[in-house]
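Chain by chain, the residues:
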Amino acid sequence: MQVIAIAHIAGGILLPFIVNTQLFSTYNALVSQALGFETTEKNTEINFLIGLFGPTIASWGVLFLYVVNNAFKNLDKRGWWAILASCILWAPYDSLLSIQQGIYINGLINLFSALIILIPLFMARKYFFHSSDFQSDA
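Residues numbered from 1 in each chain as written. Predicted model: local features only at pLDDT ≥ 70, side-chain atom pairs only at ≥ 80, totals over all residues. Heavy atoms only, no water.

**Re the overall build of the chain**
Our working rule: Secondary structure follows DSSP: runs of H or I at least 4 residues long count as helices, runs of E at least 2 residues long count as strands, and numbering of each begins at the N terminus. For this measure, only C-alpha atoms enter the radius of gyration; the expected value for a globule follows 2.2 Å times N^0.38, where N is the number of residues. The cut-offs for exposure are 20% and 50% of the maximum accessible area for each residue type, with area from a 1.4 Å probe on protein chains only; residues under the lower value are buried, those over the upper are exposed, and the others partly exposed. By definition in these notes, contact holds between two residues if any of their heavy atoms fall within 4.5 Å.
Along the backbone of the chain there are six helices and zero strands. Expected size for 138 residues packed as a compact globule is a radius of gyration near 14 Å; at 18 Å, the chain overshoots this value by more than 25%. Dimensions of the chain, computed from C-alpha atoms along their principal axes, come out at roughly 65 × 30 × 15 Å. Relative to its full complement of 138 residues, the chain shows a buried share of 32%. Pairs at least 24 apart in sequence give 70% of the contacts found in the chain among residues at least 6 apart.

Following this line, the structure appears as structure tokens:
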């Protein structure tokens, strides 16, 4: 999960600089099409707004890295729940808003990103919680 956090930091820092490159041409075309623009070349404003998400993504990566490092170092249940809550708050909501606007690519990106976070999180769950945590005193 540290790699995921570092990828968010690096990707977020780079996003404002690479959003207008060939690397993003398909993504930009899909967003422009969903928003009803005929060409992507005239939509540098949209690409600028997409690029503005870079610092947000990078800062989320920094916070994620901090939580992951501390949660896994100390096997802190609160850290485990914080990671889960972050994914639950972000991925479905962001995906729904994107899909409502016809930007299906964001839904796919969110699904992929959530899965690469949630799968290892649930695989590590056994280290944070013991079966006795779920037994009642009854």
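**Observations regarding the pattern of salt bridges**
The condition that has to hold: Any carboxyl oxygen of Asp or Glu within 4 Å of a side-chain nitrogen of Lys or Arg constitutes a salt bridge here.
All told, the structure shown has one salt bridge when counted by the stated rule. Measuring nitrogen to oxygen at the nearest pair gives 3.2 Å for the salt bridge that ties Asp 76 to Arg 78. Accessibility expressed as a relative area gives 23% for Asp 76, which makes it partly exposed. Under the relative-accessibility criterion, Arg 78 is labelled exposed at 66%.

**Regarding unusual backbone geometry**
The residue Leu 75 is not glycine, and still its phi comes out positive at about 50 degrees. By relative accessible area, Leu 75 is classed as partly exposed at 39%.

**Points about the side chain of Asn 47**
Among the structural elements, Asn 47 can be located in helix H3 (residues 44-74). Accessibility expressed as a relative area gives 7% for Asn 47, which makes it buried.

**As for the nonpolar core**
The line we're drawing: Working definition of a nonpolar core: buried Ala, Val, Leu, Ile, Met, Phe, Trp, Tyr and Cys residues. They are joined through side-chain atoms within 4.5 Å.
Met 1, Phe 64, Trp 80, Ile 83, Ile 117, Leu 121 and Phe 128 are the most contacted members of the largest nonpolar core, which totals 17 residues. Listing elements by their share of this core, those giving two or more residues are helix H1 (2-18), H3, helix H4 (77-100) and helix H5 (104-123). Those residues in contact with Ile 117 that sit more than four places away from it in its chain are Met 1, Ile 4, Trp 60, Phe 64, Ile 83 and Cys 87. Counting eight residues, the second-largest nonpolar core is a separate cluster that includes Leu 15, Tyr 27, Ile 50 and Ile 103.

**Regarding the environment of Phe 112**
Along the chain, Phe 112 falls in helix H5. For the pair Phe 112 and Ile 4, spaced 108 residues apart in sequence, the C-alpha separation works out to 12 Å.

**Notes on the packing of aromatic side chains**
Let me state the cut-off plainly: Whether two aromatic rings pair depends on their centres lying within 6.5 Å, for rings of Phe, Tyr and Trp, where Trp uses its six-membered ring; planes under 30 degrees apart make the pair stacked, over 60 edge-to-face, and the rest tilted. Placement of a positive charge over a ring is assigned whenever Lys NZ or Arg CZ falls within 6 Å of the ring centre and within 35 degrees of the normal to the ring plane.
For the structure on display, the rule yields eight aromatic pairs. With centroids separated by 6.4 Å and ring planes inclined at 45 degrees, the aromatic side chains of Trp 60 and Trp 90 adopt a geometry described as tilted. Here Trp 90 lies in helix H4 and Trp 60 lies in helix H3, a separation of 30 residues in the sequence. Residue Trp 60 is classed as partly exposed on the basis of its relative accessible area of 25%. Residue classification places Trp 90 among the partly exposed positions, given a relative accessible area of 24%. Aromatic side chains Trp 80 and Phe 129 sit 5.1 Å apart centroid to centroid with 85 degrees between the ring planes, which places their arrangement in the edge-to-face category. Pair noted here: Trp 80 is in helix H4 and Phe 129 is in the segment after helix H6 (125-128), with a separation of 49 residues, a long-range link. Summarising the burial analysis for this pair, Trp 80 and Phe 129 share the class buried. Members of the aromatic cluster, joined through ring pairs, are Trp 80, Trp 81, Phe 122 and Phe 129. Above the ring of Phe 129, the side-chain terminus of Arg 125 is found at 5.2 Å from the ring centroid.

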